[in-house]
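Spelled out, the chains give:
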2 protein chains.
Amino acid sequence: MTTPGLKKTPDISIAVCGYSKTLEIISNKWTVLVIYALEDGAIRYGEMGRRIDGISKKMLTQTLRQLERDGLVQRHLTPAIPPIVSYSLTPLGETLLKPLRELNDWTKVHYTQVETARQEYDQTYSASTENH
Amino acid sequence: MTTPGLKKTPDISIAVCGYSKTLEIISNKWTVLVIYALEDGAIRYGEMGRRIDGISKKMLTQTLRQLERDGLVQRHLTPAIPPIVSYSLTPLGETLLKPLRELNDWTKVHYTQVETARQEYDQTYSASTENH
DNA sequence: CAGAATCCCCCCTGATACTG
DNA sequence: CAGTATCAGGGGGGATTCTG
């Protein structure tokens, strides 16, 4: 959608838009679930795996690493055999809880409307496609 | 990460967690940018394409269709040749602006800390990998 | 226990070309 | 102008295996 020749500067870019910057952090499949699992305090690796339905070790580790890299989660290692590793939100990570809860609240109130809208939409447009 | 035999019910699942439900709506690459483009009122299809940096017609249409299906965006067609089509947020869509702004505010305040954390993290772990 | 490493597949996305 | 159709590439994510 570039306009060669005439150049109207687009004013909404992923790089600039704050919405996108944060989504770049939390829009992975498991990230918010991991943050959610940490909201009540430190928790061990294995316990997180059990709490989050359907997550694999690979994705749990990968998600935690990313959150660590972003400074939102801290890793605590107690050297022992076998080792004891727990994770917790950093102070920065905790500041993210508030906007996430707003999103959660929005969902509680409005999500049924979204589901209803989807059903209506699908019914409306299945009619035109139903016989192939 | 299933525990066959012993079954502790996991308490955090994508299906149940409100965080994930909403992200299911907004976590696409372009969705929030499209919503952002609509926050000041109705706007035509072509104008949106010009405003949102880097989006293709295909992704713009696809994103708008999804938002329409979710009941967050309305399409207005003025029959003419060539046709005039504009889009706007529905009342439901407008309710989403508030939590999104919270996210935007979080970004304004804290994103530099995330960037700093990333640089530190990368420096720390590049040291151990730098000579292959 | 807490990972790392590997293989593989699906789907999101981009580029291009065509249409009413 | 406002789309649709088709093809091709890359990366996120899953399943499995191995390790200190």
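Calculation notes
Residues numbered from 1 in each chain as written. Chains lettered and ligands numbered in written order. Predicted model: local features only at pLDDT ≥ 70, side-chain atom pairs only at ≥ 80, totals over all residues. Heavy atoms only, no water. Axes fitted to C-alpha atoms, helices over the stretch in contact; angles between N-to-C directions. Helix = DSSP H or I, 4+ residues; strand = E, 2+ residues; numbered from the N terminus. Parallel < 35°, antiparallel > 145°, perpendicular 65-115°, else oblique. Contact = heavy atoms within 4.5 Å. Nonpolar A, V, L, I, M, F, W, Y, C, P; charged D, E, K, R; others polar. Buried area = accessible area lost by both parts, 1.4 Å probe. Salt bridge = Lys/Arg side-chain N within 4 Å of Asp/Glu carboxyl O. Polar contact = N/O pair within 3.5 Å; in protein donor to acceptor, adjacent residues only side chain to side chain. Near = heavy atom within 4 Å. pLDDT = per-residue confidence, 0-100. Pairing = 2+ DSSP bridges. Least-squares fit on C-alpha atoms with pLDDT ≥ 70 in both.

(A) Looking closely at the packing of helix α2 (residues 31–38) of chain B against helix α4 (residues 57–69) of chain B. Residues and elements named next belong to chain B. At a closest axis distance of 10 Å, the pairing of α2 and α4 adopts a crossing angle of 80°. Classified by the interaxial angle, the pair formed by α2 and α4 is roughly perpendicular. Across from T31, V34 and I35 in α2, the residues of α4 making contact are L60, T63, L64 and L67. Of the residues in the contact of α2 with α4, the class split is five nonpolar, two polar and no charged.

(B) Quick peek at the interface of chain A and chain B. Contacts between the two partners involve 62 residues from chain A, matched on the other side by 62 residues from chain B. Taken together, the two surfaces of chain A and chain B that pack against each other cover about 6,100 Å², and 67% of this comes from carbon and sulfur. If you look at where chain A meets chain B, you find ten salt bridges. One salt bridge connects B:R118 with A:D70, and the closest N-O pair in it is separated by 2.6 Å. Run the count over chain A and chain B and you get 20 residue pairs in polar contact (both at pLDDT 80 or more). If you list the elements that add at least two residues to the side of chain A that touches chain B, you get α1 (18–26), α2 (31–38), α3 (45–51), α4 (57–69), α5 (91–95) and α6 (97–126) of chain A.

(C) Structural detail: the protein's contact with DNA strand D. Taken together, 18 residues are adjacent to DNA strand D, and A:K29, A:K58, B:T61, B:R75 and B:Y87 come closest. Taking all atoms of DNA strand D within 4 Å of the protein, the share assigned to sugar and phosphate is 64%. Between DNA strand D and A:W30 there is a distance of 3.1 Å, counted from a phosphate oxygen to a side-chain nitrogen or oxygen. Within the side chain of B:R44, an N or O atom sits 2.9 Å from a phosphate oxygen of DNA strand D. Those elements that provide at least two residues to the surface near DNA strand D are α4 of chain A together with α3 (45–51), α4 and β3 (84–89) of chain B. Tallying contributions element by element places α4(B) first for the surface near DNA strand D, with four residues. Grouping the constituent residues of the surface near DNA strand D by class yields eight nonpolar, two polar and eight charged.

(D) Fine view of the protein's contact with DNA strand C. Around DNA strand C sit 17 residues in total, of which A:G46, A:R75, A:Y87, B:K29 and B:K58 are the nearest. Per the 4 Å cut-off to the protein, sugar and phosphate atoms form 64% of the nearby atoms of DNA strand C. Contact between DNA strand C and A:Y87: a phosphate oxygen at 2.8 Å from a side-chain N or O atom of the residue. One of the side-chain nitrogen or oxygen atoms of B:K58 is found 2.4 Å away from a base oxygen of DNA strand C. Every element with two or more residues in the surface near DNA strand C is listed here: α3, α4 and β3 (84–89) of chain A together with α4 of chain B. Across the surface near DNA strand C, the residue classes tally to eight nonpolar, two polar and seven charged.

(E) Structural detail: the confidence of the model for chain A. Residues and elements named next belong to chain A. For chain A, mean pLDDT is 87; residues scoring 70 or higher make up 88% of the total. Of all secondary-structure elements in chain A, the lowest mean pLDDT belongs to α1, at 83, while β3 reaches the highest, 98. In this model, residues 2–7 is a region of pLDDT below 50 whose contacts with residues beyond four sequence positions or in other chains number one contact.

(F) Looking closely at the pattern of salt bridges. The final tally for this structure, using the stated rule, is 18 salt bridges over all chains. Among the ionic contacts, a cluster of salt bridges with common partners joins A:D11, B:E47, B:R50 and B:R51.

(G) Spatial organisation of the sheet that holds strand β2 (residues 73–78) of chain B. All names here are of chain B. Strands sit in the order β1-β3-β2 across an open sheet of three strands; the sheet is antiparallel. Each edge of the open sheet carries a strand with a single partner, namely β1 (43–44) and β2. Sheet analysis places β1 next to β3, joined by two bridges and oriented antiparallel. Paired with I43 across the two strands is Y87, which belongs to β3. Strands β1, β2 and β3 of the sheet are contacted by α2, whose axis makes an angle of about 100° with β3.

(H) Structural context of the relation of the copies chain A and chain B. Of the transformation superimposing chain A on chain B, the axial component is 0.0 Å and the angular component is 180°, with the fit at an RMSD of 0.1 Å. Both copies are brought into coincidence by an operation consistent with a two-fold rotation axis. Rotation axis and chain A: the residue whose C-alpha lies nearest the axis is A:S27, separated from it by 2.6 Å. Most of the interface of chain A is mirrored in chain B: 100% of its interface residues are interface residues there too.

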